[in-house]
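Architecture and fold: a report
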Amino acid sequence: MYSFLNFNKMITPMIIKIIFFIGVGLSILVGIFQIGAGVASDYGGGAQVLLGLITLVLGPLFTRIYCELLIVFFKMQESLHDINTKLSKFESNNSGDL
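The rules behind the values
- Each chain carries its own residue numbering, running from 1 in the written order of its sequence.
- Totals for whole chains, interfaces and linings use all residues, but because this is a predicted model, local features are given only for residues with pLDDT of at least 70 and pairs of side-chain atoms are given and counted only at 80 or more.
- Side-chain figures throughout are based on the complete set of non-hydrogen atoms in the structure, without hydrogens or water.
- Two rings from Phe, Tyr or Trp (for Trp, the six-membered ring) form a pair when their centres are within 6.5 Å of each other. A pair whose planes differ by under 30 degrees is stacked, one over 60 is edge-to-face, and the rest are tilted.
- When the NZ atom of lysine or the CZ atom of arginine is within 6 Å of a ring's centre and also within 35 degrees of its normal, the charge is said to sit over that ring.
- Numbering of helices and strands runs from the N terminus; a helix is a DSSP stretch of H or I covering at least four residues, while a strand is a stretch of E covering at least two.
- Each residue after the first adds 1.5 Å to the expected span of a helix.
- Relative accessibility decides the category of a residue: with a 1.4 Å probe and only protein chains considered, values under 20% of the type maximum give buried, values over 50% give exposed, and everything between is partly exposed.

Overview of the packing of aromatic side chains
Summed over all chains, the structure comprises one aromatic pair. Over the ring of phenylalanine 20 we find arginine 64; its NZ or CZ atom is 5.7 Å from the centre of that ring.

Below is the structure:
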């Protein structure tokens with residue numbers, strides 16, 4: 001609880017994973033609805049069917065890329081925190097050597 005209240009442990013990466021699954025689900029649903037609307041169209045919905053197929057393929061891919069970019073920022077923060085902790089320990093161990 002202490003690390004949570006002092007923002008030492010980030011909860012946003014867990015939330016980003018949830019957002020990823022929601023984004024993939026929405027991409028798939030939108031793609032299916034676009035295909036269905038294109039098939040049901042009276043005036044040839046070929047473009048809408050094609051757009052639905054593109055959404056089915058590229059939607060989850062772009063959602064993954066976006067979420068990975070967000071997670072990279074948190075991984076960088078964790079790495080910087082680890083470097084800071086190790087540097088502080090190193091400086092405290094070598095402070096008497098000056």
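Quick word on the environment of glutamate 68
Within the element layout of this structure, glutamate 68 appears in helix H3 (residues 46–93). A C-alpha to C-alpha distance of 9.3 Å links glutamate 68 and lysine 17, two positions 51 residues apart in sequence.

Quick look at helix H2 (residues 12–40)
Helix length check: H2 (29 residues) gives 41 Å between terminal C-alpha atoms against 42 Å at 1.5 Å per residue, within 8%. By the burial criterion, the buried members of H2 are Pro13, Ile16, Phe20, Gly23, Val24, Ser27, Gly31, Gln34, Ile35 and Gly38.

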